[in-house]
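# Observations on chain architecture
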Amino acid sequence: QVQLVESGGGLVQAGGSLRLSCAASGRTFRNYGMGWFRQAPGKEREFVATITWSGGYTYYANSVKGRFTISRDNAKNTVYLQMNSLKPEDTAVYYCAAGDGSNWYEYNYWGQGTQVTVSS
């Protein structure tokens, strides 16, 4: 069992940066790949980025590639999403999840989400 709590969301101007954190409980955190998804109002949940359990492999959605960076610290049971050059279209609730792949159904555990709002 893994419990996830996101933090770090907020309001930022276009071109700005935010760093999201996802703190995990449970000793099995390091056994899981981790991912970030987002959901804007009226839209489906969208894959953002994923990282393997070791941190050795990452994969990004085309819409965020080159602007966002996913990382993890297994000693701290935390995964991060550094978001730079933010755009208004990045506005969404961001969720972290434990699992692998780029599809939401490949993830078993989810956090409650943190709101990111990018103003133009």
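Scroll up a little and you will see the structure.
First, a word on what this report is: a plain description of the structure on this page. These numbers come from a predicted model, not from an experiment. (Residues numbered from 1 in each chain as written. Predicted model: local features only at pLDDT ≥ 70, side-chain atom pairs only at ≥ 80, totals over all residues. Heavy atoms only, no water.)

As enumerated under the stated definition, the model contains 8 aromatic pairs in all. Taken together, a centroid distance of 6.4 Å and an interplanar angle of 75 degrees make the contact between Tyr 95 and Trp 110 edge-to-face. In this pair, Tyr 95 is assigned in strand β9 (residues 92-99) and Trp 110 in strand β10 (residues 107-110), connecting sequence segments 15 residues apart. For Tyr 95, a relative accessible area of 14% puts it in the buried group. By the ring-pair criterion, three or more aromatic residues cluster together here, those being Phe 37, Phe 47, Tyr 59, Tyr 95, Tyr 107 and Trp 110. (Phe/Tyr/Trp six-rings, centres within 6.5 Å; stacked < 30°, edge-to-face > 60°. Helix = DSSP H or I, 4+ residues; strand = E, 2+ residues; numbered from the N terminus. Buried < 20%, exposed > 50% of the residue type's maximum accessible area, 1.4 Å probe, protein only.)

Quick look at the environment of Phe 47 now. Looking at the secondary structure, you find Phe 47 in strand β5 (residues 46-51). As a C-alpha pair, Phe 47 and Phe 29 span 18 residues in sequence and 20 Å in three-dimensional space. Residue contacts for Phe 47: discarding those within four places in its chain leaves Trp 36, Phe 37, Tyr 59, Tyr 60, Ala 61, Gly 101 and Ser 102. (Contact = heavy atoms within 4.5 Å.)

Let's shift gears to the sheet that holds strand β3 (residues 18-25). Paired through backbone hydrogen bonds, the strands of a sheet run either parallel or antiparallel to each other. With respect to topology, 4 strands assemble into an open sheet ordered β1-β3-β8-β7, the strand pairing being antiparallel. In this open sheet, the two strands that pair with only one neighbour each are β1 (3-7) and β7 (68-73). Recorded for the sheet is a direction-independent mean angle of 15 degrees between the axes of neighbouring strands. (Pairing = 2+ DSSP bridges. Axes fitted to C-alpha atoms, helices over the stretch in contact; angles between N-to-C directions.)

All right, on to the pairing of strand β11 (residues 114-119) then. Here β11 shows a buried face lined by Thr 114, Val 116 and Val 118 and an unburied face lined by Gln 115, Thr 117 and Ser 119. Looking at chain direction, β9 and β11 are connected through 3 bridges and run antiparallel. In the strand pairing of β11, Ala 92 is matched with Val 116.

For the rest of this paragraph, the subject is the state of the cysteines. Considering all chains together, one arrives at 1 disulfide under this definition. One disulfide in the model links Cys 22 with Cys 96; its S-S distance is 1.9 Å. In this structure the cystine formed by Cys 22 and Cys 96 twists about its S-S bond by roughly 50 degrees; its chirality is therefore right-handed. Placement of Cys 22 in strand β3 and of Cys 96 in strand β9 is noted, with a sequence separation of 74 residues between them. Exposure class is identical for Cys 22 and Cys 96. Each is buried. (Disulfide = S-S within 2.5 Å.)

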